[in-house]
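# Overview (structure and organization)
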Amino acid sequence: MTIQPQPPQPPVTPGLSDVRTLRERARRHIEEGALTENYSADRETILRLLNEALATEIVCTLRYKRHYFTAKGLASAGIAAEFLEHAHEEEEHADLFAERISQLGGEPDFSPDTLTTRSHAEYIPGESLIEMIKEDLVAERIAIESYRESIQYIGTSDSTTRRLFESVLAVEEEHADELLSLIQQIGDRDRGV
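Residues numbered from 1 in each chain as written. Predicted model: local features only at pLDDT ≥ 70, side-chain atom pairs only at ≥ 80, totals over all residues. Heavy atoms only, no water.

### A look at the overall build of the protein chain
For the protein chain, the count of helices and strands is six helices and zero strands. Counting from the amino terminus, the protein chain carries its helices and strands in the arrangement α-α-α-α-α-α. In the protein chain, which comprises 193 residues, the share counted as buried stands at 38%. A fraction of 78% describes how many contacts in the protein chain between residues 6 or more apart in sequence connect residues 24 or more apart. Accessible surface, the protein chain: about 12,000 Å² in total, of which carbon and sulfur atoms supply 53%. (Helix = DSSP H or I, 4+ residues; strand = E, 2+ residues; numbered from the N terminus. Buried < 20%, exposed > 50% of the residue type's maximum accessible area, 1.4 Å probe, protein only. Contact = heavy atoms within 4.5 Å. Areas by Shrake-Rupley, 256 points an atom, 1.4 Å probe, with all protein chains shown as cover.)

Here's what the structure looks like:
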């Protein structure tokens, strides 16, 4: 009878699980997918934040699409193209939020009946080109503030969701800068600069 040599056990490090414990825990509750026993965030609050962000992104997509199709005037072609690009990026963000909700075992809420009440941004169409840009900038500023608060709330309790909010926040900040530049360009043209 041959005795198998036992592999050396790595030293125990406080705060880290040994390999055997990790493997055992991974086999328990496998129906919960990515949601493991050491998930420390308040899942219901995280799902609410994600669904509010999903609604915000959908409302922003719809507003940008409307602005794309209704932009009129001499400067409208380039600005309309910017609206369309932003609409596509907002839609991508919505998809990312919906995917994360599903990963956490939640249900992405796409209900049109409650969309505007769950969204942090408003759906204000704007009549003139400058009003459209300003309404989009206000919506971006709302998303920026909301996502920063979500990031602060999440902290280290759910790094994946925090990184998602951080990546979307970076794009929203770019949108805000681009919209402010458009407002300034229109103002310069109006002043003959």
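And the narrative resumes.
### Overview of the packing of aromatic side chains
In total, this model carries five aromatic pairs according to the counting rule given. Chaining the aromatic ring pairs together yields one cluster made of Phe 97, Tyr 147 and Phe 165. Over the aromatic face of Tyr 64 sits the side chain of Arg 63, whose NZ or CZ is 5.6 Å from the ring centroid. (Phe/Tyr/Trp six-rings, centres within 6.5 Å; stacked < 30°, edge-to-face > 60°. Lys NZ or Arg CZ within 6 Å of the ring centre and 35° of its normal.)

### Overview of the side chain of Thr 45
The residue Thr 45 is located in helix H2 (residues 43-70) in this model. In this structure Thr 45 comes out as buried when scored by relative accessible area, which is 16%. Side-chain polar atoms of Thr 45 contact the side chain of Asp 42, separated by 2.9 Å. (Polar contact = N/O pair within 3.5 Å; in protein donor to acceptor, adjacent residues only side chain to side chain.)

### What about empty space enclosed by the protein?
Applying the stated rule across the entire model yields one cavity of 30 Å³ or more. Taken as a whole, the largest cavity spans an internal volume of roughly 50 Å³. Contributing to the lining of the largest cavity are Arg 63, Ala 121, Glu 122, Ile 124, Glu 135, Val 138, Ala 139 and Ile 142. Among the elements that make up the lining of the largest cavity, the one with the highest residue count is helix H5 (residues 129-154) (four residues). Counted by class, the lining of the largest cavity contains five nonpolar, no polar and three charged residues. (1 Å grid on protein atoms, 1.4 Å probe; cavity = no way out; pocket = protein on both sides within 12 Å on 5 of 7 lines; lining within 4 Å. Points joined across faces, edges and corners; volume = space filled by probe spheres on them. Nonpolar A, V, L, I, M, F, W, Y, C, P; charged D, E, K, R; others polar.)

### Description of the layout of surface pockets
To find leftover empty space, a probe the size of one water molecule is rolled over the atoms. The calculated volume of the second largest pocket comes to roughly 180 Å³. Tyr 39, Arg 100, Asp 158, Ser 159 and Thr 160 are, among the 13 residues lining the second largest pocket, the residues nearest its centre. Considering only residue class, the lining of the second largest pocket consists of four nonpolar, seven polar and two charged.

### Here's the deal with helix H3 (residues 76-103)
A rise of 1.5 Å per residue sets the reference length of H3, with its 28 residues, at 40 Å; its end C-alpha atoms lie 40 Å apart and thus fit the reference within 8%. Of the residues one or two after H3, Gly 105 is the one with positive phi, at around 80°. (Expected span 1.5 Å × (residues − 1).)

### Considering the pattern of salt bridges
Going through the model one piece at a time under the given rule, you end up with seven salt bridges. Ionic pairing is found between Glu 44 and Arg 43, a salt bridge with its closest N-O pair at 2.8 Å. Look at Arg 43 and you get partly exposed, because its relative accessible area is 24%. For Glu 173, the salt bridge is made with Arg 148, and the minimal N-O distance between the two is 2.6 Å. In this pair, Glu 173 sits in helix H6 (residues 159-190) while Arg 148 sits in helix H5, placing the two residues 25 residues apart along the sequence. With a relative accessible area of 44%, Arg 148 lands in the partly exposed category. (Salt bridge = Lys/Arg side-chain N within 4 Å of Asp/Glu carboxyl O.)

### Focus: the nonpolar core
Nonpolar side chains in soluble globular proteins tend to be buried together. Ranked by size, the top nonpolar core spans 42 residues in total, and within it Leu 50, Phe 83, Phe 97, Ile 133, Tyr 147 and Phe 165 carry the most contacts. Elements supplying a minimum of two residues to this core: H2, H3, H5 and H6. The leading source of residues in this core is H2, at 10 residues. (Core = buried A, V, L, I, M, F, W, Y, C linked by side-chain atoms within 4.5 Å.)

### Concerning the environment of Leu 50
Within the secondary structure layout, Leu 50 lies in helix H2. For Leu 50, a relative accessible area of 0% corresponds to the buried category. Note: C-alpha distance between Leu 50 and Leu 164 (114 residues apart in sequence) is 9.9 Å. What Leu 50 contacts, discounting residues up to four positions off in sequence, is Phe 97, Arg 100, Ile 101, Leu 104, Thr 161, Leu 164 and Phe 165.

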